[in-house]
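For reference, the chains in residue letters:
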Amino acid sequence: MVADPVPLQLTAELFPNGISRYAVGGMLVGLGTVVIYVGTGIPAGASTFLESTLSYVSGQSRFQRYVSSRDWRVVFTLGIVLGALAFAATVQSGVITTSLYEAGTTGELYEVGGVTLWSTAVQPWRLFLGGILVGIGTRIGKGCTSGHGVCGVGSASKTSIVGVLTFLTVAIATAQIVAALGVSP
């Protein structure tokens, strides 16, 4: 049987570097979600983890509802940050090579004391503003893309399905508007 060339061509245009890196990342996220759910009985969602982490420094009642489970949530939150740092320090900087990622294709590489480091080309104020907007969005949407998109859709939650469709629609529209305006990092 010969595959239809139209879907193959569309896939090549949408994912010029292939889909394997996304498939591997998706499997790792899924595995992490299963481990957290089986170990705790709680669906994984990054915004909940942030709220529980804030319970260490804030007395507000909304942050205190996760006090009994906040220790493992802090480990999860640190894992997200440290995992990203480890990836940037090893794979993105070219120390470790893999067919899933070509070093130097995003951001900028530079050397400090003989060590190759990576940094994003996105301006810091845009990262900060994006983080603020994402935080507001997770509060309004009662959760984040990881909670709704991975756990909620996986458990066929109608609220999460609507939330994910809304996230995607707004993200696609925003990306199209930004591209049409010629805005770059």
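Criteria and thresholds
- Residues numbered from 1 in each chain as written.
- Predicted model: local features only at pLDDT ≥ 70, side-chain atom pairs only at ≥ 80, totals over all residues.
- Heavy atoms only, no water.
- Helix = DSSP H or I, 4+ residues; strand = E, 2+ residues; numbered from the N terminus.
- Buried < 20%, exposed > 50% of the residue type's maximum accessible area, 1.4 Å probe, protein only.
- Contact = heavy atoms within 4.5 Å.
- Lys, Arg positive; Asp, Glu negative; His and termini not counted.
- Charge placed at Lys NZ, Arg CZ, Asp CG, Glu CD.
- Expected span 1.5 Å × (residues − 1).
- Patch = residues over 30% accessible without salt bridge, like charges linked within 9 Å, V, L, I, M, F, W, Y side chains within 5 Å.
- Areas by Shrake-Rupley, 256 points an atom, 1.4 Å probe, with all protein chains shown as cover.
- Salt bridge = Lys/Arg side-chain N within 4 Å of Asp/Glu carboxyl O.
- pLDDT = per-residue confidence, 0-100.
- Pairing = 2+ DSSP bridges.

Visitor: Help me understand the overall build of the protein chain, please; the structure alone is not making it clear to me.
Guide: Scanning the protein chain for helices and strands turns up eight helices and two strands. Helices (α) and strands (β) of the protein chain occur, in sequence order from the N terminus, as α-α-α-α-α-β-β-α-α-α. Its C-alpha atoms give the protein chain principal-axis dimensions of roughly 50 × 50 × 40 Å. Within the protein chain, buried positions represent 17% of all 185 residues. Across the protein chain, contacts joining residues at least 24 apart in sequence account for 38% of those joining residues at least 6 apart. With 9 positive and 7 negative side-chain charges, the protein chain shows a spacing of 21 Å between the two charge centroids.

Visitor: Just to check I follow, could you spell out the environment of Ala 44 for this structure?
Guide: With respect to the helices, strands and loops of the structure, Ala 44 is situated in the loop between helix H2 (20-40) and helix H3 (46-54). Exposure remark for Ala 44: the relative accessible area of 8% places this residue in the buried category. For Ala 44 and Gly 152, which are 108 residues apart along the polypeptide, the C-alpha to C-alpha distance reads 9.6 Å. When neighbours within four sequence positions are excluded, Ala 44 is seen to be in contact with Ile 36, Phe 49, Ser 146, Gly 147 and Cys 151.

Visitor: Is there a simple way to think about helix H6 (residues 124-140) in this case?
Guide: A turn of α-helix holds 3.6 residues, and therefore any two residues three or four places apart point the same way. Here H6 is 17 residues long and its end C-alpha atoms lie 24 Å apart, about the 24 Å a rise of 1.5 Å per residue gives. Two residues or fewer past H6, Lys 142 is found with a positive phi of approximately 55 degrees.

Visitor: Just to check I follow, could you spell out a nonpolar patch on the surface for this structure?
Guide: A cluster of nonpolar residues, Trp 125, Phe 128, Leu 129, Ile 132, Leu 133, Ile 136 and Ile 140, forms a patch on the protein surface that exposes about 780 Å² of accessible area. Secondary-structure assignment places Leu 129 in helix H6. Its relative accessible area of 41% is what places Leu 129 among the partly exposed residues.

Visitor: Honestly, the confidence of the model for the protein chain in this entry has me stumped. Any pointers?
Guide: Any residue range with low pLDDT should be treated as having predicted coordinates unsuitable for detailed reading. On average, residues of the protein chain score 81 in pLDDT, and 95% of them reach the 70 mark or higher. At the level of individual helices and strands, the protein chain shows its lowest average pLDDT in strand E2 (residues 115-119), which scores 74, and its highest in helix H8 (residues 158-181), which scores 89.

Visitor: Please explain the pairing of E2 as it appears in this structure.
Guide: Along a regular strand, successive side chains alternate from one face of the sheet to the other. Summarising the sheet, strand E1 (residues 108-112) and E2 pair through five bridges and their orientation is antiparallel. Paired with Tyr 110 across the two strands is Leu 117, which belongs to E2. The turn linking E1 back onto E2 is made up of two residues, and Gly 113 within it adopts a positive phi angle of 60 degrees.

Visitor: What am I meant to see in unusual backbone geometry here?
Guide: Of all residues except glycine, most have a negative phi; of all peptide bonds, most are trans. Backbone geometry at Ala 156 places phi at a positive 60 degrees, although glycine is not the residue there. Examined against the element boundaries, Ala 156 turns out to sit in the loop between helix H7 (145-154) and H8.

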